[in-house]
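Structural description and commentary
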Amino acid sequence: MELVSGTSPWEATLPNPPEYDPLAGDEHCDCLIIGGGMGGAMAAYAMASRGADVTLIEKRKIGGGSSHANTGLLQIANDKSLTSCINTFGEERGVLFYRLCQKALQGILKLAGKLDIDPQIIERSSLLYASVPEDADMLRQEYRTLQRHGFTCEFWESDRIKALYGFAKPAAIYSPGDAETNPYRMVHGLIHKAHSLGARVYEHTRSRHFEYNSDGVVCYTEDGRIFAKNVIFAMGYETQEMKRDRGAELINTYAIMTKPLPALPKWHERSLIWETARPYLYFRTTPDGRIIAGGKDETLTSPERRDIRVPTQAKKLLQEVEALFPEVRGTEIEYAWGAVFGTTHDGLPYMGTHPDYPHCYFIEGYGGNGTVYSMIASELIADTLEGGIRPELELFSLTRSAKPAPAGTS
């Protein structure tokens, strides 16, 4: 699957990344990880940090897939609001989901001092604004729900927003404790650290097929075999080529990064910005004074069609930036890209086991919070492989069906 079109900015920020040889021959391991993107990197780091015997293979270069398209927004809040999660899954499960995201983000914030390659993680707050006046009441309800369950946030009226930003919106929720990162550097930082802790890493190594046996899994590659007690599939959106999840949907999404601005517009605390509309637009800054904007999601097309759409969608995204911040009119785009993006019908990612794949675990961080989901999955799966019991995995079951909330829980 061709995942990315156009030109993304991240490789230029790490011009000499670590390189790893392809696999040549046979080997044995306790845990084989398939995929060298964010999910695989998180899993490799979590497992290697616990002393596990880990092998990771990537068919491209490390970070050469969807990590190129990741825009590096890390948030506790999700595409599906806490209020909606409670209405769909019940109060206990809805709040659990948000608590897991909060804990994962706190864990990500601690990574900066543990990795030898700086992932450029910067703590930020987030502004979620009402796209239209009719959404203000929904935001007010969400604010009350978040407050009731102990999530720190503020509800802002239009005057407060206008005083702190170069635009006015009907209402917003302002939330601390989120972050931005350089996703390419984060992936390399995590895998480089895992490698230093003993994980074996192979680039340009494609899995051809698997044998599922009573005592483990045999992975056949072009030039060798890997005998693993357990396998973690962290192939991102390409997982859908291996097994089709009924609740998953793949679409196209687009993003731009501007050239550095002489000065950033009026932008309170350089917060992450997104909106209530669906599909939504989102905006962030970079350490060197650029603006990243993303969105304009549309139906999945062929890679060739997506290639053609990148300039058009990039122009529309720049227009959205200029509409929000008129003082930056005339800013030029330096990078523009489009990519495959995965969502789920019920708003939750997939992670855990599948009955058709014994001794295997899956990390499918579908949705706008994929990096946070990968952190959740890596911790839950690592605990499970160490012999722990993590009932939270049931929330993200690959065989789940969305169930209405029990009476009295919403």
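Just above, that's the structure.
Structure report, in brief. (Residues numbered from 1 in each chain as written. Predicted model: local features only at pLDDT ≥ 70, side-chain atom pairs only at ≥ 80, totals over all residues. Heavy atoms only, no water.)

This part covers the overall build of the protein. A tally of regular secondary structure across the protein gives nine helices and 18 strands. A compact globule built from 410 residues should have a C-alpha radius of gyration of about 22 Å, and the protein, at 21 Å, falls within 12% of that. A principal-axis box enclosing the C-alpha atoms of the protein has dimensions of 65 × 55 × 40 Å. For the protein, the residues scored as buried account for 57% of the 410 residues in total. Sequence separation of 24 or more characterises 76% of the internal contacts of the protein that already satisfy a separation of 6 or more. Summing over all exposed atoms, the protein offers an accessible surface of approximately 16900 Å²; the carbon and sulfur share of this is 48%. One way to put it: in the protein the 43 positive side-chain charges average out to a point 4 Å from where the 53 negative ones average out. (Helix = DSSP H or I, 4+ residues; strand = E, 2+ residues; numbered from the N terminus. Rg over C-alpha atoms; globule rule 2.2 N^0.38 Å. Buried < 20%, exposed > 50% of the residue type's maximum accessible area, 1.4 Å probe, protein only. Contact = heavy atoms within 4.5 Å. Areas by Shrake-Rupley, 256 points an atom, 1.4 Å probe, with all protein chains shown as cover. Lys, Arg positive; Asp, Glu negative; His and termini not counted. Charge placed at Lys NZ, Arg CZ, Asp CG, Glu CD.)

Time to look at the pattern of salt bridges. As enumerated under the stated definition, the model contains 27 salt bridges in all. Across the pair Arg-124 and Glu-180 runs a salt bridge whose closest N-O atoms are separated by 3.1 Å. Remark: Glu-180 occurs in strand S7 (residues 171-180) and Arg-124 occurs in strand S5 (residues 122-129); sequence separation between them is 56 residues. Asp-346 is the salt-bridge partner of Arg-400, the closest N and O atoms lying 2.7 Å from each other. Taken as a pair, Arg-400 in the segment after helix H9 (370-385) and Asp-346 in the loop between strand S16 (333-344) and strand S17 (350-352) lie far apart in primary sequence, 54 residues in all. For Arg-400, a relative accessible area of 16% gives the class buried. (Salt bridge = Lys/Arg side-chain N within 4 Å of Asp/Glu carboxyl O.)

The next subject is the packing of helix H1 (residues 38-49) against H9. H9 packs onto H1 with a crossing angle of 35° between their chain directions and a minimal axis gap of 8 Å. The two elements H1 and H9 meet at a crossing, and its hand is right-handed. Contacts between H1 and H9 involve Met-38, Gly-39, Met-42, Ala-43, Ala-46 and Met-47 from the first element and Thr-371, Ser-374, Met-375, Ser-378, Glu-379, Ala-382 and Leu-385 from the second. (Axes fitted to C-alpha atoms, helices over the stretch in contact; angles between N-to-C directions. Left-handed = near helix turned anticlockwise from the far one by under 90°.)

Okay, the state of the cysteines next. Taken as a whole and assessed by the stated rule, the structure comprises zero disulfides. The thiol of Cys-29 is unpaired, and the distance to the nearest cysteine sulfur, on Cys-31, comes to 6.8 Å. Taking the relative accessible area as the measure of exposure, Cys-29 reaches 4% and is therefore buried. Its sulfur unpaired, Cys-101 is 8.3 Å from the next cysteine sulfur, which belongs to Cys-85. (Disulfide = S-S within 2.5 Å.)

Moving on: the packing of helix H2 (residues 82-89) against helix H4 (residues 136-148). Between H2 and H4, the least distance of the axes is 8 Å, while the angle of their chain directions is 75°. In terms of orientation, H2 and H4 fall into the roughly perpendicular class. Contacts from Leu-82, Thr-83 and Ile-86 in H2 reach Gln-141, Glu-142, Thr-145 and Leu-146 in H4. Looking at the contact of H2 with H4, its residues break down into three nonpolar, three polar and one charged. (Parallel < 35°, antiparallel > 145°, perpendicular 65-115°, else oblique. Nonpolar A, V, L, I, M, F, W, Y, C, P; charged D, E, K, R; others polar.)

It is worth spelling out helix H8 (residues 303-324) at this point. When the terminal C-alpha atoms of H8 are compared, their 30 Å separation across 22 residues agrees well with the 32 Å that a helix rising 1.5 Å per residue should span. At Arg-309, H8 shows its strongest bend, of approximately 40°, with the proline Pro-311 following within four residues. Looking at H8, one finds that the buried residues are Arg-306, Arg-309, Val-310, Gln-313, Ala-314, Leu-317, Leu-318, Val-321, Glu-322 and Leu-324. (Expected span 1.5 Å × (residues − 1). Bend = angle between axes of the 7 residues up to and from the residue.)

Right, let's get into the pairing of strand S11 (residues 225-233). Alignment of strand S2 (residues 27-34) against S11, held across seven bridges, turns out to be parallel. For Ile-34, the partnering residue across the bridge sits in S11 and is Phe-233. Pairing between strand S10 (residues 216-221) and S11: four bridges, direction antiparallel. By the bridge assignment for S11, Tyr-220 is matched with Arg-225. (Pairing = 2+ DSSP bridges.)

Counting across every chain of the model gives 19 aromatic pairs. Seen in terms of ring centroids, Trp-274 and Tyr-280 are 5.3 Å apart; in terms of plane orientation they differ by 65°. Their pairing is edge-to-face. Comparing Trp-274 with Tyr-280, the two get one shared label, buried. Through successive ring pairs, a cluster of aromatic residues spans Phe-97, Tyr-98, Phe-151, Tyr-373 and Phe-396. We note Arg-99 situated over the ring of Phe-151; from NZ or CZ to the ring centre the distance is 4.5 Å. (Phe/Tyr/Trp six-rings, centres within 6.5 Å; stacked < 30°, edge-to-face > 60°. Lys NZ or Arg CZ within 6 Å of the ring centre and 35° of its normal.)

One finds Phe-97, Ile-108, Leu-190, Ile-376 and Phe-396 to be the most contacted residues of the largest nonpolar core, which totals 83 residues. With nine residues, the single largest contributor to this core is H1. (Core = buried A, V, L, I, M, F, W, Y, C linked by side-chain atoms within 4.5 Å.)

Our focus in this paragraph is H4. Its 13 residues place the ends of H4 18 Å apart at the C-alpha level, agreeing with the 18 Å of an ideal helix rising 1.5 Å per residue. What H4 keeps buried is the set Ala-136, Leu-139, Glu-142, Thr-145 and Leu-146. Two residues or fewer past H4, Gly-150 is found with a positive phi of approximately 85°.

The quantities given are spatial measurements derived from coordinates; they are silent on function.
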